Structures are given as structure tokens and as C-alpha cells.
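Take a look at the letters that make up each chain.
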Amino acid sequence: MKDRPYTSVWSDLAQVEFSQGFIQAGSYRTRYLHAGDSSKPTLIAMHGITGHAEAYVRNLKALSEHFDVWAIDFIGHGYSSKPEHPLEIRHYIEQLLGFMDAIGVEKTYLTGESLGGWVTAQFAIDYPEKVERILLNTMGGTMANPVVMARLFTLSMEAAKDPSWERVRTRLEWLMADPSMVTDDLIRTRQAIFQQPGWLQACEDNMALQDPETRKRNMLTDQALAQIKAPALVLWTTKDPSGPVDEGRRIAGLIPHGELAVMENCGHWPQYEDPETFNRIFLDFMLAR
């Protein structure tokens, strides 16, 4: 564990020109963080399971210099709508389609971490005409490791049933290679979400993909990944708790225009753990021609 200067979500955003708000994305009220303007290409950033838009607070400034950036809360997550049914990949894609319509864009760049990467990949398969380039960041959807699934389910549900400081901290520490990255401010940001009325039901619904049968019918097959037409960067880390770098390499090899980038000494949230490296890798790839 390293001695780190104290950070907060606000210190990450204090010098960023951004807005926060809600937009009606089809039938789903969707919360967003927005930085940039419509003169630039659109980029939509999507978080992981039980996460929220703050996953990208350390990236908004750098990325908004080149893109019109929207980081959203998925349905069943953050402060977006909480549909009262188990959530599968098609439901998140429905929200993404509605969001694109609401902000008036036909085509977008996409980046997604974990669950967000899973949604990004499936969206690129289903709607190739709507996608420019994609970055798949420690993505889900290609593995069904029962140990990882059980650990994620247990940590998430324990924090949902009892959103105490320690349980929320433990859930966040799962994301990080270095647990000292989990500051009091980050704990409080997520704790406030977990303390919302109805969060236990919402968490049960967004944990649906940890159920083996539900996961099986949503998984990305090798054949499906081979259908992705967009240029794709698969970003993996050396300390990712969901799977080894070899899995990222395998995924990149299946996608026709796929590339692999590996970040050292990061876990499941590399865009937050090492934003300078992430932002450089991201922009090098997304701006390449």
C-alpha cells in the first residue's frame, strides 16, 4: 500500500468544465456527467456492475479536449431508473439506443469498463452502423468463472443489505490493485447510492448476470466477437481480478480489427487507477487514422 495524497471526486472535477443532469432515454431516466461540446465527435462512457458515472471523473478533462463526452449511469445503477426486473444486456442496449436518440447522435465512439465493455461489444455487433471505434476495458461477457461470479455477487449483495462504511469499502477495494486508492470520498460517493430506497432490489436485479443460466444466454461467443466490424482496442491489466491478460489477448485476436493494450499495476478500474496512462492509450487509439 502506498502513501497517496488525499483525493476526492470534487478535486478530480474542480478544474473541469462539466455538467451533471438527467435525460429521458426512451422509458429510462438516465443520469449523466457531460464534458465537451457538440462540435466534437460523441463519446459515451459506461461503467461496470453496481458502478456509476464517477468511474470516469479522472478522464473527463483529457477526453473532452477531443470528444463530446457523456458518462452515464446504467439503469438499475447510480441514480438512473431502477426497472423492477432482472437486467440483461438487451436492457442496457435499449437504454443506450434511447440515450443516443435523446442527445441527437446517429453514431458514437464507445468506451466501457467491465459490464460497460460487455454492452459496448454487443452494441457494436447489433448496430455496426452506429459505432465509430470502441475501447473494451477489462470487459465482461466472455468468461463465467464461478469463483469470480460468487465473490462479486457476495460483496455486492452484502453491501446492498448493509451499506456500512466497511462493506462499501470492501466492495470498492475489489476493483483496485492498490486498496489505498479507495478514499473516504469514493466510499461516501458509492455509499450514498447504496443507501437509496429500493437499492437492495435494484442490486438483485443488476446482479442477474452473475446467475449462471442468465449469464450463459447473454455471453459473447467467439463467433459473436468475430462479427465486430469497428476498430476495437481491448484494454487489460496485469492485476485484473476478473481474469488474466491472456483473456484480453484472446478477445483481441477474435475481433477482426482488434488490438490489445496492457496496463501494469492496475486492477479492474484502470481508467481511475492510472488516468494518465489510460487517457494516453485511449486517445492514441481513438484518434488514430
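Data block above holds the structure.
Numbering of residues starts from 1 in every chain and runs along the sequence as written. Since the coordinates come from a predicted model, pLDDT governs what is reported: local features require at least 70, and pairs of side-chain atoms require 80 or more to be given and counted, while whole-chain, interface and lining totals use all residues. Only hydrogens and water are set aside; all other atoms, that is, all heavy atoms of the structure, feed into the side-chain values.

Engineer: Before we go on, may I ask you to explain the layout of surface pockets in this structure?
Structural biologist: By rolling a water-sized probe across the atoms, one finds the places where empty space is left. The volume enclosed by the largest pocket comes to roughly 350 Å³. Helical segments are the DSSP runs of H or I of at least four residues, strand segments are the runs of E of at least two, and each set is numbered from the N terminus. For the lining of the largest pocket, the elements supplying multiple residues, two or more each, are helix 2 (60–64), helix 12 (270–273) and helix 13 (275–286). By residue number, the principal contributor to the lining of the largest pocket is helix 13, which donates three residues. In terms of residue class, the lining of the largest pocket is made up of seven nonpolar, four polar and seven charged. Think of a 1 Å grid over just the protein atoms. A cavity is a set of points where a 1.4 Å probe fits yet cannot get out, a pocket is an open set with protein on both sides within 12 Å along at least five of seven lines, and lining residues have an atom within 4 Å of a point. Grid points are joined across faces, edges and corners, and a volume is the space filled by probe spheres set on the points. Asp, Glu, Lys and Arg are counted as charged, while Ala, Val, Leu, Ile, Met, Phe, Trp, Tyr, Cys and Pro are counted as nonpolar; the rest, among them Gly, fall into the polar class.

Engineer: Please explain the packing of helix 6 (residues 165–173) against helix 7 (residues 184–194) as it appears in this structure.
Structural biologist: When two helices pack together, their arrangement is given by the angle between the helix axes and the distance between those axes. Here, axes are lines fitted to C-alpha atoms. For helices the fit covers the stretch in contact, and angles between N-to-C directions go from 0 to 180 degrees. Between helix 6 and helix 7, whose axes approach to 9 Å, the crossing angle comes to 105 degrees. Accordingly, the angle class assigned to the pair helix 6 and helix 7 is roughly perpendicular. On helix 7, the residues touching Trp-165, Val-168, Arg-169, Arg-171 and Leu-172 of helix 6 are Asp-184, Leu-186, Ile-187, Arg-188, Arg-190, Gln-191 and Phe-194. For the contact of helix 6 with helix 7, a count of residues per class yields six nonpolar, one polar and five charged. Between 65 and 115 degrees an angle is taken as roughly perpendicular, under 35 as roughly parallel, over 145 as roughly antiparallel, and anywhere else as oblique. By definition in these notes, contact holds between two residues if any of their heavy atoms fall within 4.5 Å.

Engineer: Explanation requested: the packing of helix 5 (residues 146–161) against helix 6 in the structure shown.
Structural biologist: Between helix 5 and helix 6, the least distance of the axes is 8 Å, while the angle of their chain directions is 150 degrees. Between helix 5 and helix 6, the interaxial angle falls into the category roughly antiparallel. Crossing hand, helix 5 versus helix 6: left-handed. For the pair helix 5 and helix 6, contact is made by Leu-152, Leu-155, Ser-156, Glu-158 and Ala-159 and by Arg-167, Val-168, Thr-170 and Arg-171, respectively. Looking at side-chain class alone, the contact of helix 5 with helix 6 contains four nonpolar, two polar and three charged residues. Here is the rule for handedness: rotate from the far helix to the near one, and if that takes an anticlockwise turn smaller than a right angle the crossing is left-handed, while a clockwise turn gives right-handed.

Engineer: Please explain the sheet that holds strand 1 (residues 18–25) as it appears in this structure.
Structural biologist: For two strands to be treated as a pair, DSSP must find no fewer than two bridges joining them. One open sheet accounts for eight strands, arranged 1-2-4-3-5-6-7-8; its pairing is mixed. If you trace the sheet from one side to the other, it starts and ends with strand 1 and strand 8 (258–263), each paired once. With strand direction ignored, the average angle separating the axes of adjacent strands in the sheet is 20 degrees. Along the sheet, helix 13 makes contact with strand 3 (42–46), strand 5 (108–113), strand 6 (131–137), strand 7 (232–237) and strand 8, crossing strand 6 at roughly 150 degrees.

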